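Given next are the chains, with one letter for each unit.
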Amino acid sequence: MDKLKLQWKIFGFLFGFCALLLVILWIFQTVFLSDMYKFIRKVEIDKAITLVEKNINSTKLQDVLNELEVTKEIIVRPTQGFAPPERPIPDKRIRKQPETITKAKEFVLEDGSKISLTFHAMITPVDATVSTLRMQLFVITGIMVLLATLLAIIISKHISKPIVQINQSAKVLAMGNYETKFNGRGFLEIKELSDTLNTAALELSKVEQLRRELMANVSHDLRTPLAFIYSYAEMMHDFPQEVTSEQSQIIMDEAKRLTALVNDMLDISSLETGIAKLNKVNYNLTESLRKTILRMKELVKNDGYQLELENAEDVCIFADEVKITQAIYNLLFNAITYSGDDKKVIVRQSVNGNVVRIEIIDHGEGISKSDLPYIWERYYKVDKKHKRPKMGTGIGLSIVKKIVELHKGEYGVESEVGKGSTFWFQLRIE
Ligand code: ADP
């Protein structure tokens, strides 16, 4: 039964219901008809007796008796000398005499005398009626079966169609297409089921997107420190006699940063969901900036890049050092990647009231006005030929954006095509 299609189930139920109705109709209209008719006649006679009793001394008695005779076919006569009226029997072959019900009742008149009246009702034979009804029932059964079939088809289509549609969409969803929309309409339960499935699909797509973003983040953020470590290790390998303690320190620092980053990766991906907590500490932003630039300088000095730090004073902030350094790295990395022929990147730190502003300035190709609003979005890359063979994944700036937002800071960019860009962010000094 479980494997039966909904269409057939509905058809079965409807058919069963119709059959039950017909059986009840058959029983009442053919088997019990005669008995029920007799019972009703008896009840009518009892009612007539009550009516006559009420009107026995009334002037309206004759009207009541006439009415009973005409409408109910109940004849009321004095019991004394009462003879049931003769009825013509149309067919002599029918031996069966029509049945009658006769009941006598004594009534007390106004003057105290008593009168006995006989109530006589004819029971018309129901055989002819029964055969007519039987004939009708055959026709009704036929019509009912036809209607039940039609109705079953219509109802089951109406109910099963949206379910079939939802099932198809669910199969598409199961194949990993989270764009699937469930459009179940027709009745409340299906509408609710569609809404639930749409929400589930949306949640699934979010999880999937988060997973993809995490992968992209991992590859993007591991690349920079790995590049440092590799190039210094290569240098040490090629010129072991020139190894300085600064160089090995850089490798150690970067390995440390890498560990911190790896540990932080899950937090980064959860920046989106707001689960990640900032590990805020009081630290010298200018000092950290200096170190970061130094590391970057070492990395790119062979390519002829120039990095300059412009600052007035040392500033201490209460922030997550790892994350802020990561944001600065991303901006520096971009500035170098897109820097102009002068190969110069300026990092400017300025303080305005209780706000510190970091600007990373390059004189490169700049960004067109049409691209500017989108560069902070994930995976957005301006399609052009870049100088560096290894390009980013298009998430560097969105990480910067998230980190600054988490610190309740502000960020932005001023850029002119052909002249260069100034990326900036500012944080409160607490
Ligand atoms: P990517 O990893 O591709 O660098 P980002 O999110 O860091 O991704 O940057 C998004 C896009 O913004 C880049 O593809 C690039 O086109 C543009 N962009 C970022 N920084 C600069 C810059 N300093 N100069 C010019 N274009 C830039």
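Calculation rules
- Residues numbered from 1 in each chain as written.
- Predicted model: local features only at pLDDT ≥ 70, side-chain atom pairs only at ≥ 80, totals over all residues.
- Heavy atoms only, no water.
- UniProt positions renumbered as here; feature names shortened; annotations may be inferred.
- Pairing = 2+ DSSP bridges.
- Helix = DSSP H or I, 4+ residues; strand = E, 2+ residues; numbered from the N terminus.
- Axes fitted to C-alpha atoms, helices over the stretch in contact; angles between N-to-C directions.
- Contact = heavy atoms within 4.5 Å.
- Core = buried A, V, L, I, M, F, W, Y, C linked by side-chain atoms within 4.5 Å.
- Buried < 20%, exposed > 50% of the residue type's maximum accessible area, 1.4 Å probe, protein only.
- Domains from an automatic or database assignment.
- Arc of directions from axis to C-beta.
- Salt bridge = Lys/Arg side-chain N within 4 Å of Asp/Glu carboxyl O.
- Phe/Tyr/Trp six-rings, centres within 6.5 Å; stacked < 30°, edge-to-face > 60°.
- Lys NZ or Arg CZ within 6 Å of the ring centre and 35° of its normal.

As annotated in an unreviewed UniProt entry, the chain is histidine kinase from Ruminiclostridium herbifermentans. The Subcellular location (unreviewed entry) field of the UniProt record for the chain holds the comment "Membrane".

Our focus in this paragraph is the sheet that holds strand S7 (residues 344-352). With respect to topology, five strands assemble into an open sheet ordered S5-S7-S8-S10-S9, the strand pairing being mixed. Lying at the two open borders of the sheet, with one neighbouring strand each, are strand S5 (306-311) and strand S9 (410-416). Each neighbouring strand pair of the sheet contributes to a mean axis angle of 15°, computed without reference to strand direction. Judged from the six bridges that link them, S5 and S7 form a sheet pairing that is parallel. In the sheet register, Gln306 faces S7, and the bridge partner there is Lys344. The sheet strands contacting helix H7 (residues 285-300) are S5, S7 and strand S8 (355-362), and the helix crosses S5 at an angle near 170°. Across the sheet, helix H9 (residues 396-406) touches S9 and strand S10 (420-428), and the angle it forms with S9 is around 145°.

One finds Leu307, Ile324 and Leu332 to be the most contacted residues of the largest nonpolar core, which totals 46 residues. If one sorts the elements of this core by residue count, helix H8 (residues 321-337) sits on top with eight residues. Split by domain, the residues of this core number at least three in each of domain 2 (188-270) and domain 3 (279-428). Once you skip the residues sitting within four places of it in the chain, Leu332 turns out to touch Thr292, Ile293, Met296, Leu307, Val345, Val347 and Ile360.

Of all the positions in helix H3 (residues 61-71), only Leu61, Val64, Leu65 and Leu68 are classed as buried. Each buried residue of H3 sits inside an arc of 95° when the element is viewed along its axis, so together they form one side. Exposed side of H3, more than 90 degrees from the buried face: Asp63, Glu67, Val70 and Thr71 are the residues found there. The elements touched by buried residues of H3 are helix H2 (33-55) and strand S1 (74-78). Trailing H3 by a residue or two, Glu73 shows a phi angle of about 55°, which is positive.

Let us look at unusual backbone geometry. At Glu73, a position not held by glycine, the phi torsion is positive, near 55°. Along the chain, Glu73 falls in the loop between H3 and S1. For Glu73, a relative accessible area of 39% puts it in the partly exposed group. Of note in the backbone geometry, Lys408 takes a positive phi value of approximately 55° without being a glycine. As for its position among the elements, Lys408 is in the loop between H9 and S9. On the basis of relative accessibility, which here comes to 72%, the residue Lys408 falls in the exposed class.

This paragraph deals with the pattern of salt bridges. Counted by the stated rule, this structure contains 15 salt bridges. Salt-bridge contacts for Arg295 lead to Glu254; the nearest nitrogen and oxygen are separated by 3.7 Å. Within this pair, whereas Arg295 is found in helix H7, its partner Glu254 is found in helix H6 (residues 245-269), the two being separated by 41 residues in sequence. The pair formed by Arg295 and Glu254 is uniform in burial state, with each residue classed as buried. Two residues, Lys419 and Glu416, come together in a salt bridge whose shortest N-O distance is 3.6 Å.

For the rest of this paragraph, the subject is the pairing of strand S2 (residues 99-108). Sheet analysis places S2 next to strand S3 (residues 114-123), joined by 10 bridges and oriented antiparallel. Bridge pairing in S3 places Phe107 opposite Ile115. The hairpin formed by S2 and S3 contains five residues between the paired strands, and Gly112 there has a positive phi angle of roughly 95°.

In this section: the packing of aromatic side chains. Applying the stated criterion across every chain yields a total of six aromatic pairs. Between the aromatic rings of Trp376 and Phe423, the centroid separation amounts to 5.8 Å while the plane-to-plane angle is 65°, which identifies the pairing as edge-to-face. Residue Trp376 is found in the loop between S8 and H9, and its partner Phe423 is found in strand S10; the two are separated by 47 residues along the sequence. On the basis of relative accessible area, Trp376 is assigned to the buried category, the value being 10%. On the accessibility criterion, Phe423 (9% relative accessible area) is buried. Three or more aromatic residues joined by ring pairs form one cluster here, namely Trp376, Tyr411 and Phe423. For the cation-ring pair, Lys343 lies above Tyr305, with the distance from its terminal atom to the ring centre recorded as 5.1 Å.

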